[in-house]
Every structure is written in structure tokens, then in C-alpha cells.
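The primary structure of each chain is shown beneath.
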Protein chains: 4
Amino acid sequence: VDRDRARKPAIAVCGAGEADADLARLAFEVGRRVAEAGHTLVCGGMRGVMEAACAGAHEARRTGASGLVVGILPVADLEGGNPFCDVVIPTGMGAARNALVVRSADAVILIGGGSGTLSEAALAWQFGKPLVALTSSGGWAARLAGTALDEKRRDAILGAGSPEEAVTLAIRAIESARASRCAD
Amino acid sequence: VDRDRARKPAIAVCGAGEADADLARLAFEVGRRVAEAGHTLVCGGMRGVMEAACAGAHEARRTGASGLVVGILPVADLEGGNPFCDVVIPTGMGAARNALVVRSADAVILIGGGSGTLSEAALAWQFGKPLVALTSSGGWAARLAGTALDEKRRDAILGAGSPEEAVTLAIRAIESARASRCAD
Amino acid sequence: VDRDRARKPAIAVCGAGEADADLARLAFEVGRRVAEAGHTLVCGGMRGVMEAACAGAHEARRTGASGLVVGILPVADLEGGNPFCDVVIPTGMGAARNALVVRSADAVILIGGGSGTLSEAALAWQFGKPLVALTSSGGWAARLAGTALDEKRRDAILGAGSPEEAVTLAIRAIESARASRCAD
Amino acid sequence: VDRDRARKPAIAVCGAGEADADLARLAFEVGRRVAEAGHTLVCGGMRGVMEAACAGAHEARRTGASGLVVGILPVADLEGGNPFCDVVIPTGMGAARNALVVRSADAVILIGGGSGTLSEAALAWQFGKPLVALTSSGGWAARLAGTALDEKRRDAILGAGSPEEAVTLAIRAIESARASRCAD
């Protein structure tokens, strides 16, 4: 039955709008693996880490993977994001759209990141979303891995040593959350 | 080249959260034809006209059409919308999300509708989106067909006598807007 | 007791971002009378009808009235609105802020207006806010006066022949809503 | 001239929706001093640190201070916040309103705080707003004092040892930002 549901689990990738080659490679790998798992990739739809993750998922789609790519843009223009998004939500809300990016996800992966990524991590925590941080990516991801953002949740932001581990942990967290909901 | 773009044109369907059998049948037909054209269906993701349109597009997808279904929900819960959306954006913003529904579309089709649909028509007009109204569907769609909402645009809301005509007019308007952009 | 409450009733004035001398005079009078009644004037904080209403309230404040002036801007810049607002909320959300303008009001007065004003009228109706339309001001205010936007409410948008009558009707509607809440 | 401007500088106070007696006393003092300086206090309008800061500013107003109190609520109900706000913006946007709280301020003071406060600090940093953190208040305020959230800004979050110092630093930062704008 679950296999037939229209909506597949969605994983948000949060990271900076600029990325050097190392960071872009990590983000590309995360995006590729999300799409290969058949999950939807959600992100802010712009450049840097976001674009690299979208490009990875797009590449996977071209070779048969089913995962969709969603960009929730700060700008109001449908053509204002990177070219790899299947679905574009041009909010025109600026950084207030960060809340929508993480709300649209079943789990969130942090890659590097400055203050924008930090705001997404904090909102995701507040919304009860499982969080995974790529420890090798620097930025706020490295600083937050293994920590709890406040005492309202009993878990912590999971640290992942590789893109593969990050996606595996995110999928496991989604399945675990679903199982506990079904057990209620 | 265009055929390979990740993002396909998106058509928003706006209508009430309740629908009798006639209205639901019209919305279903519109959704089905949007998906059969390979376009993305965007809507508010809830019940009534929205659900019927999503169900129509979903039905088309199951029989091979490629059009995606996107629900931009007023609620914050990923599972809070109808079950036919491939992509769910649970904004948690209430009716303030109406602006996002029409911003995410290249053209907007109005079906019946009360004050919520009217707000979406007005916002779509303000954002410069082409509008088509199903004249046989009653509500604000019938009242607005053929009219201009203010003097800032030189066009009018196009009236369509059938779901088929509504989708055809919406697609034509999208192509025409694209052609004039490319000519710039 | 009520006299000591921090929050005074708020009246939103909705109208176009451009205004000729006649429209500006009407809006100025509405704003002046809102402030003289000690009520808070809420609006979109920009030019045209909004600025004229704010200027009227500001003028009243300078001569002893207590009503505050609030501008909920579409832009993100604190200095981006007209100069007559005591409190500025620079949402950076574009026209999605229209929902916030009417949510922040206990009653809404429509003056002239194009598609932006129409969207505010529709959202205010949806949110259950009492609506008054200045019949002599043209635009959507004149077209909507005396009508119901859908069947979910049993009342209609009240028509007012003058700024004085518009503010009187808005205040009466607020008092009546409050009385019926207290009677519950 | 500046003295006659309608809008006074606004200072946001960000902190948790729960507060013990010590934290509430700190927040009350901050709010009182903001209002005594004639500045507008902006906050999320709910309980805990927010309510205590509003109560402090409200107390100052009752004894002659001119500073206004603004609550930008996550809920949609005008009566849903604490009772000390002169102006209430019931966004109905949940935590997406955090972006609006900090956008509405010329400077931001952090008091204690969990993930919600952290998201406001991160957004304020992104928007270029001066930030002051009360070091004695624990939570994210204590953790962020003296740090930079990313490399896009050359300054740091200023640590303040007392409510008095926090308000003084915030006012000084506002004046300094204004002076550098005028020098342009």
C-alpha cells in the first residue's frame, strides 16, 4: 500500500548558497543518493550546496531514479532558482521561506552552512524533524553534529561521516518515526 | 532542449474546499488534462475542488502521464492534505499560503469558488499570471470570466466552457508568455 | 477595565498604492477619524490610499489623538514605507503580506482599490472580519459594497457614503462582535 | 527633526516561551529600559521571556515612558498573545513569523533561549541586524555571546552582563548604524 502513496518521503538538504569544489561534491553525492532511494529532495532551490544537491538528484533521475527535486525559493520568480528542480515554489518571502523548506521535509541533512543553514537547523529542531549533520563539511553542520539544540527533544543532531551515511541515517530516522506513529 | 528542462510548466487549480458531484467532476477533468499534457498541477492540497483536481491528475499519472501534483497546504502537517499529491508543502501559514499557490503557477484555472478562490484570483492577477475561469462552474469563476480585475493589465480573465477548453487556454497562455519573453 | 487594555481595537484601511486627490482626501479623513477614536490604524504602509490614511491618523495624533499607525510592508526595509507609521513591520513577503494586514485588524475599510485591495477584501471575509466599503470611492470598494463574497457568512460588506460613516460602521461592528463574544 | 519621526527605533527581545523567576526578572528589566529610552519593543508576543519583557515595557509606559510594545504572534488570533502589547500582529504563520520579528527590529537582544531563539539569532544575523546577548541568562544567549555566526559579517554578537548594558549596547549599535548610513 505504502508503495502506492503519491507522496514519497522528503529529505531537505540545507547548506550555504556558495560552495567550493569539496562541499559541492559532498552535496552532489547526498542529492544523488536521496533520489536513488526514491525520496524527494527538498531545498532552498538556489546556488552553492543547494544547486549541487539538486544536480546530484537530477543526475540520478536521468539514469532511472524516481526521486523528485523541489526548490522552495526566496525569490518570487519561477525561473529564479537553479535549473535542476522539478518543482519550484517561488515564495517571494526571502529568508522567511527557510521555515517552509524544513516543514516540507521528513528529515533534514545539514551540509556546511552559515547563518541561513543555522536558522534552518533551529527551525527543523523546533518542528520535531530528525536532523543529520555531515561532520566533514565544516560550518554549522560540523559544529552542531552530536548536539541537542535545547531540552525539548531527547535526541540529538546525528553526525554522519559521509554522504552515504547521512542519507542512510536520514532514511532510518524517517522509517523509525513512521513506525512509532503507526504503533500509536 | 526545452523538453529536457527539469521544471515543466505549472498550472494552478483554485476552487473551494467543498465540492458537489458536478463541481468535482469538472475539477477531476481539469486535473486529468493538466497531467496528460505533462504539466505540473499546483493547488492548495486540501479537499473539495482541490482534491478532485489532484485525483484526476493522479489518475492520469497512473495511466502513464508525466504531470506532477503539488499541494501547498495551509496546515503544518505533511499528512494534512489530500492523498493525491506527489509533493506536499505544509506551510503552516493558513490562508497566507494562497499567495504561494498562485506564485508557483505559470497560469491559473478558477473553478467555482468562494472568498478563498477570489483571493487567489486577485493575487494571481496582481502577479501577472494568466487566468482562465470555468464559466459553467458557478461561484467566482463564473462571475469573473471575461472581466479585468483592475486597469494594470490589458488582458482579461478568459472564460472557458469546458475543462478541455480551460486547459487548452491555460497552456496557450503559457506558451504565448514564454514566446514573448524569448523575443525580448 | 477595557480602557486600560494595552491593545486598542485596530481598523485596517485597504486601498491602492496610487491615489488621485479625491481618493487621498477620503483616505485621509478615514485615517484621521480612526485615530481620533483612539483606535489603531493598520495598513500596508506604502503610498497612495495607504499613505493618505496614515497621514490623516498622524495629523490627528499630532493634535492629541491617541490612535497608533501601523504599516505592514511588502518590502524588507524598515525605511521602505511611508513616513507616517509609528510601527513598521517590513515583512519582505510581497503581496503575501496582505493576509497579515487584515489579520491584524478587528474591522476592515475598503477605499477604491484594484486587485490588491480585492485580495485583502477576500481574505478579510475568509477570516471573519467585518468589512465596510466606501461607496463613493470607486474601484472594488464601490463594486463590493452591499454584497456577500460567499455563503459562509450571513452578513454583507457594509456600504458607507462618507469617511465618517465608514469609521462609525467599523467601530459599531467591532463593538457588536465584542459584545457577542462576551455573551458566549 | 529625527525627534518628530513617527517611527522610533525598535529593539526585538528574543527568548523562550517559558521563563523561571530569574529569567523573567532579566527580561522585565530589558523591556522596561527599552520603553524608557522611548524605543519600540518588538517580540513574539507570547509567554515566558516575551511576556516578561512586554510587562516591563508596559510598566514603564504606565509611568510616562513613550516606548510602544509590539507582539508578532505565531497564532492567528488577535487575543492570542500576552496582554501587554499595544500592537498585535497575529500572523497565523507559526514559527515562520520568527523572520518577521527580527526584520521589524533595528537591533536584537537575546535572553536565554532554545531553538526558537536560536533561529531568530540566525535570521537576525543574516538580515544584518546588530545582536546583543545577555551572558548571564544561559541558553543560546550565553553560548552565542562574543561569537560570529558566519564570515559574512565582520562583527560579533555582543555580550552584555546586565539588562542595562544590553539596552545601552543595542541603542549604541542602532545609532552607529544610522550614523554610517547618513555618512554614505
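Everything quoted here is computed from the prediction, not taken from an experiment.

K.L.:
Which residues make up the pattern of salt bridges, and what values go with them?
P.N.:
Under the definition given, this model contains 32 salt bridges over all chains. With its nearest N and O atoms 2.9 Å apart, the salt bridge here joins Arg-7 of chain B to Glu-79 of chain A. You can see Arg-7 of chain B sitting in the segment before strand 1 (10-15) and its partner Glu-79 of chain A sitting in the loop between strand 3 (69-73) and strand 4 (87-90), one on each of two chains. The exposure class of Arg-7 of chain B is buried, given its relative accessible area of 8%. A relative accessible area of 40% means that Glu-79 of chain A is categorised as partly exposed.

K.L.:
Could you give an account of the interface of chain B and chain A, with specific residues and numbers?
P.N.:
If you look at the interface, chain B gives 28 residues, while chain A gives 28 residues. Our count for the contact surface shared by chain B and chain A stands at 2 salt bridges. For the pair chain B and chain A, the interface holds 6 residue pairs in polar contact (both at pLDDT 80 or more). Listing elements by their share of the side of chain B that touches chain A, those giving two or more residues are strand 3 (69-73), strand 4 (87-90) and helix 3 (98-103) of chain B.

K.L.:
Can you break down the sheet that holds strand 3 (residues 69-73) of chain D residue by residue, with the values?
P.N.:
Residue and element names in this part refer to chain D. The strand order across the open sheet formed by 7 strands is 4-3-2-1-5-6-7, and the pairing between neighbours is parallel. Sheet topology places strand 4 (87-90) and strand 7 (158-160) at the edges, where each strand pairs with a single neighbour. Within the sheet, the average angular offset between the axes of one strand and its neighbour, ignoring direction, is 25°. Relative to strand 2 (residues 40-43), strand 1 (residues 10-15) runs parallel, the two being bridged by 3 bridges. Across the sheet, the residue bridging to Ala-12 is Val-42, located in strand 2. Of the strands in this sheet, strand 1, strand 5 (107-111), strand 6 (131-134) and strand 7 are in contact with helix 6 (residues 163-183), which crosses strand 7 at around 150°.

Parameters and conventions
Residues numbered from 1 in each chain as written. Chains lettered and ligands numbered in written order. Predicted model: local features only at pLDDT ≥ 70, side-chain atom pairs only at ≥ 80, totals over all residues. Heavy atoms only, no water. Salt bridge = Lys/Arg side-chain N within 4 Å of Asp/Glu carboxyl O. Helix = DSSP H or I, 4+ residues; strand = E, 2+ residues; numbered from the N terminus. Buried < 20%, exposed > 50% of the residue type's maximum accessible area, 1.4 Å probe, protein only. Contact = heavy atoms within 4.5 Å. Polar contact = N/O pair within 3.5 Å; in protein donor to acceptor, adjacent residues only side chain to side chain. Pairing = 2+ DSSP bridges. Axes fitted to C-alpha atoms, helices over the stretch in contact; angles between N-to-C directions.

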